[in-house]
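Here are the chains, one letter per residue:
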Amino acid sequence: MITSLANSRVKQVRRLQTDRRYREREGAFVIEGSRWLSELPSLPYLPKAVFYTEAWQRRPEHAAILQDLGAVAQIVSESVMEAMSDTESPSGVLAVLPMKTKPLPTQPTLLLILDQIRDPGNLGTMLRTAAAAGVEGILLSPGCVDPYNPKVVRSAMGAHLRLPLLQVNWTEISERSDGLSVWLAAADGALPYTDVNWRTPSALIIGSEAHGAGDEASTLAGGTTYIPMYAETESLNAAMAAGIMLFEAVRQRR
């Protein structure tokens with residue numbers, strides 16, 4: 001059992017939780033919770049490390065998760081788990097995963113392009129929503145918050161494992177969305193989102209709540225769309241707007 005906060009593996013996890021450059025250099029990030037771990041056996045690779053407490057392992061379903069993983073797991077004390085965790089109430093298990101993502105389809109029919117989304121909770125919610133809506137890939141422009149930030153990972157609820165997630169420049173975004181009808185969500189958009197033909201291969205751009213989409217996003221978009229609102233409401237939370245529009249695409253495609 002690891003009981004010391006000075007342990008090198010404990011220090012590594014703590015740094016992965018707090019240091020974006022270190023995460024990128026190591027090509028790894030941290031996940032927490034039983035729900036995440038239950039999905040790992042379906043992946044084509046093993047976690048780099050798994051850590052758990054005695055209390056967590058006592059539940060039969062949790063012991064079964066460890067057995068299914070087939071990865072080397074290390075038991076730690078409660079105090080060490082608290083130090084390694086990014087949450088106020090640790091679940092009792094966490095793992096270090098490589099930054100691997102599913103490949104983007106060669107001919108996608110629905111992409112989500114995120115431009116300068118800087119709030120971790122918003123980004124995580126959008127990833128989770130996109131996965132639920134069957135989006136085939138997410139393209140993150142320069143200026144977005146790190147998608148492997150612990151708050152993003154926590155809010156995304158496993159979406160990192162379920163859909164392609166690419167951090168790319170605008171040249172590559174343009175190449176990846178070639179052949180798609182690209183729509184930019186904008187408060188002053190030209191077409192209500194329900195009037196867009198989402199049955200055609202499409203991409204939706206969601207920009208920053210504070211500043212809107214940048215020039216590159218506006219140049220790439222073939223049209224702008226908006227959500228009609230009442231009571232003089234100016235705008236919606238970016239994650240909420242993305243969800244409304246993506247599930248309209250789901251509705252039309254059904």
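How each quantity is defined
- Residues numbered from 1 in each chain as written.
- Predicted model: local features only at pLDDT ≥ 70, side-chain atom pairs only at ≥ 80, totals over all residues.
- Heavy atoms only, no water.
- Buried < 20%, exposed > 50% of the residue type's maximum accessible area, 1.4 Å probe, protein only.
- Helix = DSSP H or I, 4+ residues; strand = E, 2+ residues; numbered from the N terminus.
- Arc of directions from axis to C-beta.
- Contact = heavy atoms within 4.5 Å.
- Phe/Tyr/Trp six-rings, centres within 6.5 Å; stacked < 30°, edge-to-face > 60°.
- Salt bridge = Lys/Arg side-chain N within 4 Å of Asp/Glu carboxyl O.
- Pairing = 2+ DSSP bridges.

### Notes on helix α5 (residues 60-69)
Here's step 1: Looking at α5, one finds that the buried residues are His-62, Ile-65, Leu-66 and Leu-69. For α5, the angular spread of the buried residues around the axis is 95 degrees, confining them to a single face. Pointing more than 90 degrees away from the buried face of α5 are the exposed residues Pro-60, Gln-67 and Asp-68.
Here's step 2: The secondary structure elements touched by the buried residues of α5 are α3 (34-39), β2 (49-52), α4 (54-57) and β3 (73-75).
Here's step 3: Within two residues after α5, Gly-70 carries a phi angle of roughly 65 degrees, on the positive side.

### Some points on the packing of aromatic side chains
Here's step 1: Evaluated as defined, the whole model comprises 2 aromatic pairs.
Here's step 2: Here Phe-29 and Tyr-148 contribute two aromatic rings whose centre-to-centre distance is 4.7 Å and whose plane-to-plane angle is 50 degrees, an arrangement assigned as tilted. Placement of Phe-29 in strand β1 (residues 28-32) and of Tyr-148 in the loop between β6 (137-140) and α8 (150-156) is noted, with a sequence separation of 119 residues between them. With respect to class, Phe-29 is no different from Tyr-148; both count as buried.
Here's step 3: Here the aromatic rings of Tyr-52 and Trp-56 are separated by 6.2 Å at their centres, their planes lie at 50 degrees, and the arrangement is tilted.
Here's step 4: By relative accessible area, which is 10% here, Tyr-52 ends up buried.
Here's step 5: The exposure class assigned to Trp-56 is buried, which follows from its relative accessible area of 4%.

### A word on the environment of Val-152
Here's step 1: Note on placement: Val-152 falls in helix α8.
Here's step 2: For Val-152, a relative accessible area of 0% corresponds to the buried category.
Here's step 3: Val-152 sits 25 residues away from Leu-127 along the chain, and the two C-alpha atoms are 8.6 Å apart.
Here's step 4: Excluding residues that lie within four positions of it along the chain, Val-152 makes contacts with Pro-120, Leu-123, Gly-124, Leu-127, Val-145, Asp-146, Pro-147 and His-160.

### Section: the pattern of salt bridges
Any two side chains of opposite charge can pair, so long as their charged atoms come close to each other.
Here's step 1: If you walk through the whole model with that rule in mind, you get 8 salt bridges.
Here's step 2: For Glu-24, the salt bridge is made with Arg-20, and the minimal N-O distance between the two is 3.0 Å. A residue pair is termed a helical-turn pair when its members lie 3 or 4 positions apart in one helix, as Glu-24 and Arg-20 do in helix α2 (residues 20-26) at 4 residues.
Here's step 3: With a relative accessible area of 44%, Glu-24 lands in the partly exposed category.

### Remarks on the pairing of strand β10 (residues 202-207)
Note on strand geometry: in a regular strand, side chains alternate between the two faces of the sheet.
Here's step 1: Burial runs high along β10: 6 of the 6 residues are buried.
Here's step 2: Side chains Ser-202, Leu-204 and Ile-206 of β10 all project onto a buried face; the interleaved residues Ala-203, Ile-205 and Gly-207 project onto the opposite face, where all are buried too.
Here's step 3: Pairing analysis gives 6 bridges linking strand β5 (residues 110-115) to β10, with the strands arranged parallel. Considered in β10, the bridge of Leu-114 is made with Ile-206.
Here's step 4: Pairing analysis gives 4 bridges linking strand β8 (residues 181-185) to β10, with the strands arranged parallel. When the sheet's bridge partners are listed, Leu-184 is paired in β10 with Ile-205.

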